[in-house]
Amino acid sequence: MKTLTSRALWTSAVILAIGLLVPVRQAAAAVPAPPPTPAPTRPAGVFSGSVQVTNVSVLIRATDANGHPVTDLRSNEVEVKEDGVPAAEVSIEPLVPKVEAAPPGSTSPATPTPVAAQENRGAVIGPVRVTVYVQADLLNRNQLSWVIQGLRNESDKLVGLGTVSLVVADPEPTTVAKGISTPKELERAVERLKKHVHLYSTIERIRRDFRRDAVGATAGIVRHLALISTAEELRRVGDEAERLRAWNTAQGRGGARILVLASGGFELDPWAYYSQFLDPQSQDRSATEDQRVQLAHQWQTVSQELAGNGWTVLGFSGGMPGMNATWAAETSGHEAFSSFTGGSGTSPAGATLADQGTTVSFGLDPLGQAARDSGGAVATSPARLASDLQEMQSAYILSYTITRPPDSEAHRLQIRVNRPGVSVRAPVVLRLASHHGSDRARALALLSGHGGSGEVPLEVAVEDINGSHRRGYSGRLVVTGHLAAVLPLILSSKAPAMEITVAVDAGSGEPFVSQGQPMPLRLADRQGTWIFESPIQWPGGSKTVAVVVSETTTDTWGGAVAKLR
């Protein structure tokens, strides 16, 4: 094999042998350092240093006193503070560029002219990334049909905001379609969602089992069943929060982007539902109180991290179908059923999904919190989704700089408009993940079989594999990245650098993860090929290696996996 242009021999950093069990931090210290470059001579008394500047972009929406969108906002009217400190280099631009009409009597087209194929129905691809994230376990088939209807009806608006991806948590987040750029493609893609959803949602199944087991039971048994069911609901909804949190972390440092979070209703306080089946004198909920408080904290953290990572969250939920009150009163034998009203909420007009005799209960607190933290909204009907997406057409991309590196900490964000009568809807928190943290999460997700592949096509191979020895196996890791499609973006950076993260499964144990230091970008050819090579060792029992390569200034990345033997 010919000598590779971009070669980094961090042998010790990638050696992953069980016999060694060397922490990554110590192993990385053994990487041979390049010869030091002599510092330039400076006049006496002149000091030098560096300050890291991080570019941030978020979406904001401005409205006047009547609630109408403000479409002529200027950069000098927007003030941004992070933790009370004014941000620098504040600028805004419309999310969807205006298309000016041609002058009367003119035969020439307006400028700029949208270019779209016939099947696009006139849609223009927007500048941001749009992801539809479907919480499959919290939806039933009726609710899914409602979600699909909304996404199909508004496919042109979604594509008008940016390229669209579909992610289904089934149960782990899995990308079922990405890079969708036309309404027709999106309409076809949403049909794939049907196979991921069951007749009943997880929450409904828990409640149906409870109602079945409670019929004819004593008051003490019913209370015991209620406590068990409440705890199980809280656990399942907590699992959903952790999946969403891990997925968000794996998306890396964000710019302005939109998350359509499609979900059925669920409650942070399900005891309110089960207590309706109990003797009014037995309302003790202390057994699940700590779990409920922990769940509320989980979702608050997820909400802040979504907002802090650049997502504007548009919640899309039809609510959770309640149960048939007539059936309950006739079959239970418990007086509490006779006054059952179907949950703690009422159904908005146009949002009834269930059969006649069944009410709709809305447990939308987490979606509402995510909307408030990120400057988004919650839609409880396809018509409301259409309205929310129409409002997003008038949004702005707000960009500014801060003089600190991403630190994964939550920072308070204050954005206001200095124009009388104008209010702004914007994120209230900034929480940019560190580059190492994002790539680590991406590599672990790939290793589990549920990660995305990023924008950079990547080929990973382990060659010249040697037989077993006391440290396991060894070979040569070769990674080839094809950067042609993203090269203009990468080269727009002043000092592009590549960073590589390697994760290896360790049988039944925790995976090994090794991360290298950023390397200046050097291409192997004019077609944008980037190649990395390094020796690698792995323990017996390991079967898969996952590699993530990212460009540190633009967060453009790619990921792939390979078999070890």
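Given the structure is predicted, the values throughout are model-derived calculations rather than measurements.

## Considerations on the side chain of threonine 501
Turning to step 1, where the next piece is worked out: Take threonine 501: it is sitting in strand E19 (residues 497-506).
Turning to step 2, where the next piece is worked out: Its relative accessible area of 0% is what places threonine 501 among the buried residues.
Turning to step 3, where the next piece is worked out: Here glutamine 515 takes part through its side chain, which lies 3.1 Å from a polar atom of the side chain of threonine 501.

## Some thoughts on the nonpolar core
Turning to step 1, where the next piece is worked out: If you look at the biggest cluster of nonpolar residues, it comprises 40 residues, and the most contacted ones within it are Leu95, Leu166, Leu193 and Ile258.
Turning to step 2, where the next piece is worked out: When neighbours within four sequence positions are excluded, isoleucine 258 is seen to be in contact with Leu59, Leu95, Val128, Arg129, Val130, Thr131, Leu161, Trp311, Thr312, Leu314 and Met392.
Turning to step 3, where the next piece is worked out: In this structure, Val456, Val460, Val462 and Val486 belong to the second largest nonpolar core, which totals 27 residues.

## As for the packing of helix H3 (residues 141-153) against helix H5 (residues 183-190)
Turning to step 1, where the next piece is worked out: Running from amino to carboxyl end, H3 crosses H5 at an angle of 170°, the nearest separation of the two axes being 9 Å. Comparing the axis directions of H3 and H5 gives the class roughly antiparallel. Taking contact as the criterion, the partners of Ile148, Leu151 and Arg152 in H3 are, on H5, Leu186, Glu187 and Val190.
Turning to step 2, where the next piece is worked out: Tallied by class, residues from the contact of H3 with H5 come to four nonpolar, no polar and two charged.

## Topic: the side chain of threonine 301
Turning to step 1, where the next piece is worked out: With respect to the secondary-structure elements, threonine 301 resides in helix H9 (residues 286-308).
Turning to step 2, where the next piece is worked out: On the basis of relative accessibility, which here comes to 12%, the residue threonine 301 falls in the buried class.
Turning to step 3, where the next piece is worked out: Excluding residues that lie within four positions of it along the chain, threonine 301 makes contacts with Arg245 and Arg431.

## Some points on the packing of aromatic side chains
Turning to step 1, where the next piece is worked out: For the structure shown, the criterion picks out nine aromatic pairs.
Turning to step 2, where the next piece is worked out: Plain terms: the ring middles of phenylalanine 210 and tyrosine 274 are 4.9 Å apart, the flat faces sit at 90° to each other, and that makes the pair edge-to-face. Placement of the pair is phenylalanine 210 in helix H6 (residues 202-214) and tyrosine 274 in helix H8 (residues 271-274), with a sequence separation of 64 residues. Of the two residues examined, phenylalanine 210 and tyrosine 274, each falls in the buried class.
Turning to step 3, where the next piece is worked out: Ring centres of phenylalanine 210 and phenylalanine 277 lie 5.2 Å apart, and the angle between their planes is 65°; on these two criteria the pair is classed as edge-to-face. Of this pair, phenylalanine 210 sits in helix H6 while phenylalanine 277 sits in the loop between H8 and H9, and the two are 67 residues apart along the sequence. Taken as a pair, phenylalanine 210 and phenylalanine 277 share a single burial class, namely buried.
Turning to step 4, where the next piece is worked out: An aromatic cluster is present here, built from Phe210, Tyr273, Tyr274 and Phe277 joined pairwise through their rings.
Turning to step 5, where the next piece is worked out: If you follow arginine 208 out to its NZ or CZ, it ends over the ring of tyrosine 200, 4.1 Å from the centre.

## What to know about a positive patch on the surface
Turning to step 1, where the next piece is worked out: A cluster of basic residues, Lys184, Arg188, Arg192 and Lys195, forms a positive patch at the surface.
Turning to step 2, where the next piece is worked out: Note that arginine 188 resides in helix H5.

## Here's the deal with the packing of H6 against helix H7 (residues 219-250)
Turning to step 1, where the next piece is worked out: The interhelical angle for the contact between H6 and H7, taken along N-to-C directions, is 175°, at an axis separation of 10 Å. Considering their axes alone, H6 and H7 lie roughly antiparallel with respect to each other. For the pair H6 and H7, contact is made by Thr202, Ile203, Ile206, Arg207, Phe210, Asp213 and Ala214 and by Val222, Leu225, Ala226, Ser229, Glu232, Glu233, Arg236 and Val237, respectively.
Turning to step 2, where the next piece is worked out: Considering only residue class, the contact of H6 with H7 consists of eight nonpolar, two polar and five charged.

## A word on the pattern of salt bridges
Side chains that differ in charge, positive against negative, can pair when their charged atoms come close.
Turning to step 1, where the next piece is worked out: Across all of its chains, the model carries 21 salt bridges by this definition.
Turning to step 2, where the next piece is worked out: Measuring nitrogen to oxygen at the nearest pair gives 2.8 Å for the salt bridge that ties arginine 235 to glutamate 232. Note that arginine 235 and glutamate 232 are positioned in helix H7 at a spacing of three residues, about one turn of the helix.
Turning to step 3, where the next piece is worked out: Classification of arginine 235 by relative accessible area gives partly exposed; the value is 40%.
Turning to step 4, where the next piece is worked out: One continuous salt-bridge network, built from bridges that share partners, spans Asp72, Arg74, Glu77 and Arg419.

## Points about the sheet that holds strand E9 (residues 311-316)
Strand-to-strand pairing in sheets goes through backbone hydrogen bonds, with the strands running parallel or antiparallel.
Turning to step 1, where the next piece is worked out: The six strands lie next to each other as E7-E6-E5-E8-E9-E12, forming an open sheet whose pairing is mixed. Every interior strand has two partners, whereas the edge strands, strand E7 (173-180) and strand E12 (377-379), have only one. Strand-to-strand twist in this sheet, taken as the mean axis angle between neighbours without regard to direction, amounts to 20°.
Turning to step 2, where the next piece is worked out: Contacts between H7 and the sheet are confined to strand E5 (128-135), strand E6 (162-169), E7, strand E8 (257-262) and E9, with E5 contributing the most and set at about 160° to the helix.
Turning to step 3, where the next piece is worked out: Relative to E12, helix H13 (residues 382-392) is tilted by about 150°, and along the sheet it contacts E8, E9 and E12.

## Digging into the sheet that holds strand E16 (residues 429-430)
Turning to step 1, where the next piece is worked out: Reading across from one edge, E3-E2-E14-E16 is the order of the four strands in this open sheet, with antiparallel pairing throughout. Whereas interior strands pair on both sides, the edge strands pair on one side only; in this sheet they are strand E3 (85-86) and E16.
Turning to step 2, where the next piece is worked out: Bridge analysis of strand E2 (residues 78-82) against E3 gives two bridges, and the strand direction is antiparallel. Paired with lysine 81 across the two strands is proline 86, which belongs to E3.

## Considerations on the confidence of the model for the protein
Turning to step 1, where the next piece is worked out: Per-residue confidence for the protein gives a mean pLDDT of 74, with 71% of residues at or over 70.
Turning to step 2, where the next piece is worked out: Taken together, the stretch residues 1-52 has pLDDT below 50 and engages in 73 contacts with residues farther than four places along the chain or on a different chain.
Turning to step 3, where the next piece is worked out: Throughout residues 106-124 the model reports pLDDT below 50, and contacts reaching past four residues in sequence, or to other chains, amount to 25 contacts.

Here is what the cut-offs are and how they apply
- Residues numbered from 1 in each chain as written.
- Predicted model: local features only at pLDDT ≥ 70, side-chain atom pairs only at ≥ 80, totals over all residues.
- Heavy atoms only, no water.
- Helix = DSSP H or I, 4+ residues; strand = E, 2+ residues; numbered from the N terminus.
- Buried < 20%, exposed > 50% of the residue type's maximum accessible area, 1.4 Å probe, protein only.
- Polar contact = N/O pair within 3.5 Å; in protein donor to acceptor, adjacent residues only side chain to side chain.
- Core = buried A, V, L, I, M, F, W, Y, C linked by side-chain atoms within 4.5 Å.
- Contact = heavy atoms within 4.5 Å.
- Axes fitted to C-alpha atoms, helices over the stretch in contact; angles between N-to-C directions.
- Parallel < 35°, antiparallel > 145°, perpendicular 65-115°, else oblique.
- Nonpolar A, V, L, I, M, F, W, Y, C, P; charged D, E, K, R; others polar.
- Phe/Tyr/Trp six-rings, centres within 6.5 Å; stacked < 30°, edge-to-face > 60°.
- Lys NZ or Arg CZ within 6 Å of the ring centre and 35° of its normal.
- Patch = residues over 30% accessible without salt bridge, like charges linked within 9 Å, V, L, I, M, F, W, Y side chains within 5 Å.
- Areas by Shrake-Rupley, 256 points an atom, 1.4 Å probe, with all protein chains shown as cover.
- Salt bridge = Lys/Arg side-chain N within 4 Å of Asp/Glu carboxyl O.
- Lys, Arg positive; Asp, Glu negative; His and termini not counted.
- Charge placed at Lys NZ, Arg CZ, Asp CG, Glu CD.
- Pairing = 2+ DSSP bridges.
- pLDDT = per-residue confidence, 0-100.

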